[in-house]
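Chain by chain, the residues:
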Amino acid sequence: MSNFSVVKGNIVNMKVDAIVNAANTSLMGGDGVDGAIHRAAGAELLSCCRRIGGCKTGDAVITPGFKLDAKYIIHTVGPVWNNGLTNEEELLRQCYKKSLDLAVEYNCRTVAFPSISTGAYRFPLAKAAEIAINTILEYLEQDTCIEDVYMVCFDYNTMAAYNKVMRALGREVEEDY
């Protein structure tokens, strides 16, 4: 059975097979997680993403990790929150599912996710945490090559929201303070 844990840290420092990037549709880098991953991976990532040509909301694409410790970067485009009026919840679920599908396709044993869409895209953190955790845990019930999945929270507020969902599910958590 696969392990899933919520950790506080910087996703670019994770030593995993695949890091998931909360990308924008252009894949050209941006603010937050996306910008940090692009800076850490180096200029080759931008060139590679330019060749891919973009990604639709709710979908995912994969690139090499370049200068990161991760072998791959899975880029997924989360939805911008529009008060739940434009299928945002399902699109967010698809981000996690399609990212995990790519991880399995590329035989990744370890995967690190950020909290997708909860920054500049304004997806409500509590709702996003519930969707992320339930989607990941449901996916991991399948027989996959994935051994460990990490939800990497950049700050304590984000970690507390994810830990609240984990506790409600009766799962062990690291302290969030």
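Remember, it's a predicted structure, so these values are computed and weren't measured experimentally.

(A) Representation of the overall build of the protein in the model. Assigned secondary structure in the protein consists of five helices and six strands. Against the compact-globule benchmark of 16 Å for 177 residues, the protein has a radius of gyration of 15 Å, which places it among compact chains. With respect to the three principal axes, the spread of C-alpha positions in the protein is 45 × 35 × 30 Å. Among the 177 residues that make up the protein, the fraction classed as buried is 50%. Within the protein, contacts between residues at least 6 apart in sequence are counted, and of these 66% link residues at least 24 apart. Element-wise, carbon and sulfur atoms account for 48% of the exposed surface of the protein, whose accessible area totals about 8700 Å². Counting 17 positive and 22 negative side-chain charges, the protein places the averaged centre of each group 6 Å from the other.

(B) Structural view of the packing of helix 3 (residues 88-105) against helix 4 (residues 125-140). In the contact formed by helix 3 and helix 4, the axes pass within 9 Å of each other and the chain directions differ by 35°. The element helix 3 and its partner helix 4 pack so that their crossing is right-handed. Of the residues in helix 4, those in contact with Glu 89, Leu 92, Arg 93, Tyr 96, Lys 97, Leu 100, Asp 101 and Val 104 of helix 3 are Lys 127, Ala 128, Ile 131, Ala 132, Thr 135, Ile 136 and Tyr 139. Looking at side-chain class alone, the contact of helix 3 with helix 4 contains nine nonpolar, one polar and five charged residues.

(C) Examining unusual backbone geometry more closely. In the Ramachandran plot, Asn 87 falls in the positive-phi region, its phi being about 65° despite a non-glycine side chain. Inspection of the secondary structure assignment puts Asn 87 in the loop between strand 4 (72-77) and helix 3. A positive phi angle is found at Asn 107, which is not glycine, with a value near 55°. Tracing the chain through its elements places Asn 107 in the loop between helix 3 and strand 5 (110-113). Classification of Asn 107 as exposed rests on a relative accessible area of 55%.

(D) Structural detail: the pairing of strand 6 (residues 148-153). Of all six residues in strand 6, five are buried; the element is thus mostly enclosed. Pairing between strand 1 (residues 3-8) and strand 6: six bridges, direction parallel. Each bridged residue has a counterpart across the sheet, and for Lys 8 the counterpart in strand 6 is Cys 153. Sheet topology places strand 5 next to strand 6; four bridges connect them, and they run parallel.

Conventions we followed
Residues numbered from 1 in each chain as written. Predicted model: local features only at pLDDT ≥ 70, side-chain atom pairs only at ≥ 80, totals over all residues. Heavy atoms only, no water. Helix = DSSP H or I, 4+ residues; strand = E, 2+ residues; numbered from the N terminus. Rg over C-alpha atoms; globule rule 2.2 N^0.38 Å. Buried < 20%, exposed > 50% of the residue type's maximum accessible area, 1.4 Å probe, protein only. Contact = heavy atoms within 4.5 Å. Areas by Shrake-Rupley, 256 points an atom, 1.4 Å probe, with all protein chains shown as cover. Lys, Arg positive; Asp, Glu negative; His and termini not counted. Charge placed at Lys NZ, Arg CZ, Asp CG, Glu CD. Axes fitted to C-alpha atoms, helices over the stretch in contact; angles between N-to-C directions. Left-handed = near helix turned anticlockwise from the far one by under 90°. Nonpolar A, V, L, I, M, F, W, Y, C, P; charged D, E, K, R; others polar. Pairing = 2+ DSSP bridges.

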